[in-house]
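Notes for the structure review
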Amino acid sequence: MKYKSPERVPEIEITSKLDNGKIILSFKDNGLGIDLEKHGHKIFGLNKVFHNHPEAKGIGLFMTKTQIEAMGGKITVTSKVNEGTTFSVHFI
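Residues numbered from 1 in each chain as written. Predicted model: local features only at pLDDT ≥ 70, side-chain atom pairs only at ≥ 80, totals over all residues. Heavy atoms only, no water.

A look at the sheet that holds strand S3 (residues 74-80)
Within the open sheet, the 4 strands sit side by side as S1-S2-S4-S3. Their pairing is antiparallel. Edge positions in the sheet fall to strand S1 (12-19) and S3, since each has one partner strand and no second. Adjacent strand axes in the sheet meet at a mean angle of 15°, parallel and antiparallel pairs treated alike. Pairing analysis gives 7 bridges linking S3 to strand S4 (residues 84-90), with the strands arranged antiparallel. Paired with Ile 75 across the strands is Val 89, a residue of S4. Sheet strands in contact with helix H2 (residues 60-70) are S3 and S4, and its direction is about 145° off that of S3. (Pairing = 2+ DSSP bridges. Helix = DSSP H or I, 4+ residues; strand = E, 2+ residues; numbered from the N terminus. Axes fitted to C-alpha atoms, helices over the stretch in contact; angles between N-to-C directions. Contact = heavy atoms within 4.5 Å.)

In structure tokens, the structure reads:
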């Protein structure tokens, strides 16, 4: 909710699927989105922020990725500015 768009009612869609015997859990929103061309290389970096939000600390995505990878998984992201973002957790 922190990065919701002021132009629309926030929506979050949570889905899961089985892909080649592996579970993928996805979280999709219709928020501000992230410019992956500009920030994609540092999306999961420590102390990296992508919006001028007063509560942004730059540790949430870093900690999430670290925990997922520590358990043998992987996280991916797709995003479009002003459309939203999808984070997918790939379980082993």
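A word on the environment of Gly 72
Within the fold, Gly 72 resides in the loop between H2 and S3. Using a relative accessible area of 33% as the deciding quantity, one classes Gly 72 as partly exposed. (Buried < 20%, exposed > 50% of the residue type's maximum accessible area, 1.4 Å probe, protein only.)

Things to note about a nonpolar patch on the surface
Judged by side-chain polarity, Leu 46, Ile 59, Phe 62 and Met 63 come together as a nonpolar surface patch covering roughly 330 Å² of accessible area. Position of Ile 59 among the secondary structure elements: in the loop between helix H1 (36-39) and H2. (Patch = residues over 30% accessible without salt bridge, like charges linked within 9 Å, V, L, I, M, F, W, Y side chains within 5 Å. Areas by Shrake-Rupley, 256 points an atom, 1.4 Å probe, with all protein chains shown as cover. Salt bridge = Lys/Arg side-chain N within 4 Å of Asp/Glu carboxyl O.)

Notes on the pairing of S4
Across the 7 residues that make up S4, a large majority, 6, are buried. In terms of strand pairing, strand S2 (residues 22-29) meets S4 through 5 bridges, oriented antiparallel. Bridge pairing in S4 links Ser 26 to Ser 88. Connecting S3 to the next strand, S4, in antiparallel fashion are 3 residues, including Asn 82 with a positive phi near 65°.

Some thoughts on the nonpolar core
Listed in full, the 8 residues of the largest apolar core are Ile 34, Ile 43, Phe 44, Ile 68, Ile 75, Val 77, Phe 87 and Val 89. Elements with a minimum of two residues in this core: S3 and S4. (Core = buried A, V, L, I, M, F, W, Y, C linked by side-chain atoms within 4.5 Å.)

Any functional reading would require information beyond the geometric quantities listed.
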